[in-house]
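# Per-entry structural report
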Amino acid sequence: MKKKSYCSHIISLAHLLGKSVVAEGVETESELSVCKEMGINLVQGYLIQRPTTAVQEIDVVNAVVQRLQQGDRRQQGDDSVIISRELNAIV
């Protein structure tokens, strides 16, 4: 739980600074779900695409990710607005 909280804060800070966050090594659906929940922008790993040097083998749209996205009914929160408002109040 501490690791997840720590990562969430780092991700929020990166977003406040206008940066995208990439998670590497995503291999399971549950890992992808946690990445989405935490607000990670991009993921890389075996769940998405196995390593290959053949360009023609690279999936343009990953069927697994597409299926998971369609089944996800959670609302996406945007904490950056809240954090930005609080930071402006302090300054």
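This structure is a prediction, so every number in the text was calculated from the model and none was measured.

## Digging into the packing of helix H2 (residues 29–38) against helix H3 (residues 63–71)
Orientation of H2 relative to H3, taken along the N-to-C sense of each, is 55 degrees, at an axis distance of 11 Å. Relative to H3, H2 is oriented oblique. The handedness of the crossing between H2 and H3 is right-handed. Note on element contacts: H3 touches H2 through Val64, Val65, Arg67, Leu68 and Gln69, opposite Glu29, Leu32 and Lys36. Tallied by class, residues from the contact of H2 with H3 come to four nonpolar, one polar and three charged.

## Notes on the nonpolar core
Counting residues in each nonpolar core, the largest one holds eleven residues, listed as Ile11, Ala14, Val21, Ala23, Val26, Leu32, Cys35, Met38, Ile40, Leu47 and Leu68. Residue assignment for this core shows that the elements contributing at least two residues are helix H1 (2–16) and H2. Beyond its immediate stretch of four places on either side in the chain, Leu68 contacts Glu29, Leu32 and Lys36.

## Quick word on the packing of H1 against H2
In the contact formed by H1 and H2, the axes pass within 10 Å of each other and the chain directions differ by 50 degrees. When the interaxial angle is binned, H1 and H2 end up oblique. Facing H1, whose interface residues are Lys4, Cys7, Ser8 and Ile11, H2 presents Val34, Glu37 and Met38. A class-by-class count of the residues in the contact of H1 with H2 yields four nonpolar, one polar and two charged.

## Some points on the confidence of the model for the protein
Counting all residues, the mean pLDDT for the protein is 82, and 80% of those residues have values of 70 or more. Averaged over each element, pLDDT in the protein is lowest for helix H4 (residues 79–90) (67) and highest for strand S1 (residues 22–24) (95).

Basis of the calculations
- Residues numbered from 1 in each chain as written.
- Predicted model: local features only at pLDDT ≥ 70, side-chain atom pairs only at ≥ 80, totals over all residues.
- Heavy atoms only, no water.
- Axes fitted to C-alpha atoms, helices over the stretch in contact; angles between N-to-C directions.
- Helix = DSSP H or I, 4+ residues; strand = E, 2+ residues; numbered from the N terminus.
- Parallel < 35°, antiparallel > 145°, perpendicular 65-115°, else oblique.
- Left-handed = near helix turned anticlockwise from the far one by under 90°.
- Contact = heavy atoms within 4.5 Å.
- Nonpolar A, V, L, I, M, F, W, Y, C, P; charged D, E, K, R; others polar.
- Core = buried A, V, L, I, M, F, W, Y, C linked by side-chain atoms within 4.5 Å.
- Buried < 20%, exposed > 50% of the residue type's maximum accessible area, 1.4 Å probe, protein only.
- pLDDT = per-residue confidence, 0-100.

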